[in-house]
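# Observations on the model geometry
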Amino acid sequence: GKSSDAVATAVATAARFNGDIGEGADKVWADLLKEGAQLMKNNEQTTLAAMEVGMHRATQCIEAARSNFEAYCLEPSPISFRRCEAGVQKVEKEVQDRIHLFNIAAGDSSGMVDFSSSGSTGDMVGGVGSNMWTMTKNQTTNNNNKSKNVVEVQSARLDDVIAENIPPSTDIFIAKIDVQGFEPHVFGGLSNSIKNAQIMFLLFEYWPKGMDFIMDEPFDGDGICKASVKILEDLLAAGYKLFALPHMVHPHSYSHSHTKQKNLPPALVGKKLKEVVGERPLGDIMANCKWYYKLEQDFFPQEDYFMGFWSDIVAVSPKAKFEPSTVTGRSIAEHLND
């Protein structure tokens, strides 16, 4: 057998990204839907599923159903869920029949969870006393004193949602996960599907600071990035290949290309996120995660902006089937075996 050093080296060299996709998440989603639709067209016996976890609006779920996928879409916020249902009711019956909506929060267990629900894109699990805009938690709020926007919602493991709703004969081509930092819990509830490399493409937001906030990890402690990196380690261990999408930042950051901020500090005038894109480390997943903190602490320090920086990632299963016909598909195919 291999010496332990050789094994350690093999593991270390594998913990990396295969490449960088220069397209945003919406374009990648649209491209991958095209790839899957082509697969179904080429093989009429094949039914493929698409999942969206954290919808906010029904647009992308409808897009999947229009592309002939069976679309399984989850939204925990009661307000956003009603908006999604209304959106689905406006489309033609044949498309509606392929849409399966769930008013639940994906998590690592079944039960009820607190949820901040105002119907905005910032709605999130664990809402009591949490403020993602300032990255602070007010620990004094007790259960008798829930803010008017905090509701209890049903939580379920995605492994269970899949087992109970998606027929075994239907392959899951793509799952998109955007849950405002709750990703460690969502992936915890998806562990079986990941171990079996059952979902061909996983597209998910990757926001280390948001995940550390949800996991109660102090931003100046040694534990930063543990939760984020564990998601990637579990994917790599199951044979997935990782691809990074562009950096993202909130428009209230000075570094945003269309910043909403006036009166920029002299040191930051003209400094924009796209200028440092080439410096992001892809060869090591921990260095990559810490890079998002570095952007905030070293490159773009700003006293009135706390949310930091994020990206999206596409993880490609060893079982992924596609015949690349889109920008994203070709970009992935080109670097899949690097």
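Let us look at the structure shown here.

Cut-offs applied
Residues numbered from 1 in each chain as written. Predicted model: local features only at pLDDT ≥ 70, side-chain atom pairs only at ≥ 80, totals over all residues. Heavy atoms only, no water. Salt bridge = Lys/Arg side-chain N within 4 Å of Asp/Glu carboxyl O. Buried < 20%, exposed > 50% of the residue type's maximum accessible area, 1.4 Å probe, protein only. Helix = DSSP H or I, 4+ residues; strand = E, 2+ residues; numbered from the N terminus. Contact = heavy atoms within 4.5 Å. Phe/Tyr/Trp six-rings, centres within 6.5 Å; stacked < 30°, edge-to-face > 60°. Lys NZ or Arg CZ within 6 Å of the ring centre and 35° of its normal. Expected span 1.5 Å × (residues − 1). Core = buried A, V, L, I, M, F, W, Y, C linked by side-chain atoms within 4.5 Å.

### Let's talk about the pattern of salt bridges
Summed over the entire model, instances satisfying the criterion amount to ten salt bridges. Across the pair Arg-98 and Glu-94 runs a salt bridge whose closest N-O atoms are separated by 3.3 Å. Look at Glu-94 and you get exposed, because its relative accessible area is 52%.

### As for the side chain of Glu-296
Inspection of the secondary structure assignment puts Glu-296 in helix 11 (residues 285-299). Looking at Glu-296, the relative accessible area reads 15%, which means it is buried. When residues no more than four places from it in sequence are discounted, the contact partners of Glu-296 are Lys-209, Pro-301, Tyr-305, Phe-306, Gly-308 and Phe-309.

### A look at the packing of aromatic side chains
Across all of its chains, the model carries eleven aromatic pairs by this definition. Their ring planes at 40° and their centres at 6.3 Å tell us that Phe-299 and Phe-300 sit as a pair that is tilted. Of the two residues, Phe-299 and Phe-300, neither departs from the other in class, the shared state being buried. Here a set of aromatic residues connected by ring pairs shows up, and it is made of Phe-69, Phe-173, Phe-201 and Phe-322. When the ring centre of Phe-213 is taken as origin, the NZ or CZ atom of Lys-137, which lies over that ring, is 4.6 Å away. Its guanidinium or amino end placed over the ring of Phe-219, Lys-209 lies 4.8 Å from that ring's centre, counting from NZ or CZ.

### A short note on helix 2 (residues 25-42)
The terminal C-alpha atoms of helix 2, which comprises 18 residues, lie 26 Å apart, in line with the 26 Å expected from a rise of 1.5 Å per residue. Along helix 2, the residues that are buried comprise Ala-25, Val-28, Trp-29, Asp-31, Leu-32, Leu-33, Glu-35, Gly-36, Leu-39 and Met-40. Looking at the packing, one finds that the buried side of helix 2 touches strand 2 (48-53), helix 3 (59-66), strand 11 (171-177), strand 12 (199-206), strand 15 (309-316) and helix 12 (327-335).

### Quick word on the nonpolar core
In terms of nonpolar packing, the biggest core is built from 64 residues, with Leu-202, Phe-204, Leu-232 and Leu-235 touching the most fellow members. For this core, the element with the most residues is helix 11, which contributes seven residues. Residue contacts for Leu-202: discarding those within four places in its chain leaves Ala-175, Ile-177, Phe-187, Leu-190, Ile-194, Leu-235, Tyr-240, Ile-313, Val-314 and Ala-315. Core analysis: the second largest hydrophobic core is formed by 36 residues, Leu-39, Leu-48, Val-316 and Ile-332 among them.

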